[in-house]
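The residues making up each chain are set out below.
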Amino acid sequence: MNNSTTNTYEMKREIVNFAKNISTSVNKSTSKFVMDMEYGLAKSNSCLISEIARSLDEDIKLSYTIERLCDNLNNLYEDEKEIIWNNYLNEVKKNVDLDNAVVLFDDSDINKEYSKKLEDLDRVIDASSKDKKIVNGYHVCEATILTKNKKQPMSIYSEIYSCKSDSFKSKNIYTLESIKTAEKIVGENFTGVFDRGYDDNKIFDYMSKNNHKFVVRLNDERTLLFKEKKRSVEEVSKSRKGKINYKALFDNEEYNLTVSYTKATLPYNKREYQLVIVYGLSEEHPMKLLTNIDIKDKESVIKVVRLYLSRWRIEEHFRGKKQEYDFENMRVRTLKSMNNLNMMLTIHLGHIAILADKMDKKLLSIKIIYASKSLKQDVIVWLSQFARGIKEILKYAHEGIKKWQQIEKRGEYKQLELRL
């Protein structure tokens, strides 16, 4: 048995065993569907059902496989979906620091610029375009938690939604659901990191009320109380100079930053927080961070800055999702099917994060990195390298995973014979 065959066998076994853990306590057909999807996504690196079906290498017509997968996506029962998702969250829980968890929250979008027939098509800002144009598409609310060792982003909440749906109420509802998912995994002991889109009094109130730590980047228009006088954070940032020097790696570039901090009060609730001002990331405006973390010295200030800069990992997560798996090119028509497909992809990416977190201990993870043939040997987020490495290993598979599945074989039907 040559090395490629051995690696392929090990990779198949890893995917099948993980899929079995995720699909515990669901019926056999659903368990088989989960296994098919996880293997198909891993081998094809695509969200196209036709590509996933091809990756299964079944000895039936391709159209039959596509039809079966589409039917399962559209008809997955809510109770079974909940069981699958809870099983996945249990796997997540095993791979995070429960005492010092960091959860990154952000919104994304799905660009469906040329689509017309999809369910409840909304209008979204295409954040990946230079001119931020408004196109047809959907909103995505996402939360990722960092793994214990390598700090890889592992999604714990991912919901595709449209403001035009009859069931839509508010974007804040999805945000609160993502925070509650973090509570379900780690309880109170986590720090939430939010971008400017979450500069919202409701977020501050909920996080403070439930004893969660948070770091939120403020908008320039935000007004705070300084010495009982209302002033904009932009005005305050211009009046101060960074006294603490810090060298940071952000978006794969090294920056020499200077940092200042001061106490500040929110006018609406009269609560005191810490305002951290970071100079050097942008020539136009310094970065303003509001936090309820106690700041006593230089180390605690730098900790707050590092926590916020770790938010870039969720951006890398989105990038890998869209570029490596062609996420925006999914071609299922209903929101239910989209969210079920998104759940299967999220579980697969979570599996990748777990493998990446164990790269110093697990031989298979080292083989995956080697198979990816990456130019960079040291990166912060390993999603793209592992996705390519797994695909490279599985390309040597000459058959799918049907032999790994426990498919019931029924005997020939014996009709009762009556002798007259």
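None of the values given here were measured: they were computed from a predicted structure.

## Some points on the overall build of the chain
The helix and strand inventory of the chain stands at 13 helices and twelve strands. For 420 residues, the compact-globule estimate of 2.2 N^0.38 gives 22 Å, and the C-alpha radius of gyration of the chain, at 24 Å, lies within 12% of that figure. Its C-alpha atoms give the chain principal-axis dimensions of roughly 105 × 50 × 40 Å. Within the span of the chain, comprising 420 residues, buried residues form 54% of the whole. Taking the contacts inside the chain whose residues are at least 6 apart along the sequence as the reference set, 62% of them involve residues at least 24 apart. In the structure as shown, the chain presents an accessible area of about 22300 Å², 46% of it carried by carbon and sulfur atoms.

## Focus on the packing of aromatic side chains
In this structure the tally under the stated criterion is nine aromatic pairs. Measuring from ring centre to ring centre gives 6.0 Å for Tyr161 and Phe168, while their planes differ by 5 degrees; the resulting arrangement is stacked. Taking relative accessible area as the criterion, Tyr161 reaches 4% and is therefore assigned buried. Here the aromatic rings of Tyr161 and Tyr174 are separated by 4.1 Å at their centres, their planes lie at 15 degrees, and the arrangement is stacked. A residue pair is termed long-range when its members are at least 10 positions apart, and Tyr161 in strand E4 (residues 153–161) and Tyr174 in helix H6 (residues 171–186) qualify at 13 residues. Each member of the pair, Tyr161 as well as Tyr174, carries the same accessibility label: buried. Among the aromatic residues, ring-to-ring pairing joins Phe105, Phe194 and Tyr198 into one connected group. Directly above the ring of Phe327 sits Lys321, whose terminal nitrogen or CZ lies 4.7 Å from the centroid.

## What to know about the environment of Val301
Within the secondary structure layout, Val301 lies in helix H9 (residues 298–309). Since its relative accessible area comes to 0%, Val301 is described here as buried. Spatially, the C-alpha atom of Val301 lies 50 Å from that of Asn75, the residues being 226 residues apart in sequence. Look past the residues within four positions of Val301 in its chain and what remains in contact with it is Ile244, Val259, Tyr261, Val276 and Ile295.

## Quick word on the environment of Val34
Within the fold, Val34 resides in helix H2 (residues 28–44). Between the C-alpha atoms of Val34 and Ile347, which are 313 residues apart in sequence, the distance is 9.8 Å. When sequence neighbours within four positions are dropped, the list of residues in contact with Val34 reads Ala19, Ile22, Ser23, Ile84 and Met344.

## Regarding the layout of surface pockets
Its volume calculated, the largest pocket comes out at about 1300 Å³. Along the wall of the largest pocket there are 41 residues; nearest its centre are Asp106, Asp107, Ala127, Asp195 and Glu315. Element by element, the count of residues in the lining of the largest pocket is highest for helix H10 (residues 312–325), at six residues. Tallied by class, the residues present in the lining of the largest pocket amount to 17 nonpolar, nine polar and 15 charged. Reported here for the second largest pocket is a volume of approximately 1200 Å³. Lys151, Leu309, Ser310, Arg313 and Ile380 are the residues nearest the centre of the second largest pocket, which is lined by 43 residues in total. Breaking the lining of the second largest pocket down by element, the ones donating at least two residues are strand E1 (101–111), strand E5 (190–194), strand E9 (244–250), H9, H10 and helix H13 (383–394).

## Quick look at the pairing of E4
Burial analysis of E4 places eight of its nine residues in the buried class, which makes it a mostly covered element. Judged from the eight bridges that link them, strand E3 (residues 134–146) and E4 form a sheet pairing that is antiparallel. When the sheet's bridge partners are listed, Thr144 is paired in E4 with Ser155. Counted between consecutive antiparallel strands, the loop separating E3 from E4 contains six residues, among which Lys151 sits at a positive phi close to 55 degrees.

## Quick notes on the environment of Asp57
Note that Asp57 resides in the loop between helix H3 (49–55) and helix H4 (62–75). Separated by 127 residues in sequence, Asp57 and Lys184 have C-alpha atoms that sit 39 Å apart. A distance of 2.9 Å separates a polar atom in the side chain of Asp57 from a polar atom in the side chain of Lys43.

## So, the pattern of salt bridges
A complete count under the given rule lists 27 salt bridges for this structure. Salt-bridge contacts for Glu58 lead to Arg68; the nearest nitrogen and oxygen are separated by 2.9 Å. On the criterion of sequence distance, the pair formed by Glu58 in the loop between H3 and H4 and Arg68 in helix H4 is long-range, its members being ten residues apart. Residue Glu58 is classed as partly exposed on the basis of its relative accessible area, which comes to 22%. The salt bridge involving Lys150 is made with Asp360; its shortest N-O contact spans 2.8 Å.

## Quick notes on the packing of H2 against H13
Running from amino to carboxyl end, H2 crosses H13 at an angle of 100 degrees, the nearest separation of the two axes being 7 Å. Of the possible angle classes, the one that applies to H2 and H13 is roughly perpendicular. In this structure, H2 contributes Tyr39, Ala42, Lys43 and Ser44 to the contact, and H13 contributes Ile390, Lys391 and Leu394.

Here is what the cut-offs are and how they apply
Residues numbered from 1 in each chain as written. Predicted model: local features only at pLDDT ≥ 70, side-chain atom pairs only at ≥ 80, totals over all residues. Heavy atoms only, no water. Helix = DSSP H or I, 4+ residues; strand = E, 2+ residues; numbered from the N terminus. Rg over C-alpha atoms; globule rule 2.2 N^0.38 Å. Buried < 20%, exposed > 50% of the residue type's maximum accessible area, 1.4 Å probe, protein only. Contact = heavy atoms within 4.5 Å. Areas by Shrake-Rupley, 256 points an atom, 1.4 Å probe, with all protein chains shown as cover. Phe/Tyr/Trp six-rings, centres within 6.5 Å; stacked < 30°, edge-to-face > 60°. Lys NZ or Arg CZ within 6 Å of the ring centre and 35° of its normal. 1 Å grid on protein atoms, 1.4 Å probe; cavity = no way out; pocket = protein on both sides within 12 Å on 5 of 7 lines; lining within 4 Å. Points joined across faces, edges and corners; volume = space filled by probe spheres on them. Nonpolar A, V, L, I, M, F, W, Y, C, P; charged D, E, K, R; others polar. Pairing = 2+ DSSP bridges. Polar contact = N/O pair within 3.5 Å; in protein donor to acceptor, adjacent residues only side chain to side chain. Salt bridge = Lys/Arg side-chain N within 4 Å of Asp/Glu carboxyl O. Axes fitted to C-alpha atoms, helices over the stretch in contact; angles between N-to-C directions. Parallel < 35°, antiparallel > 145°, perpendicular 65-115°, else oblique.

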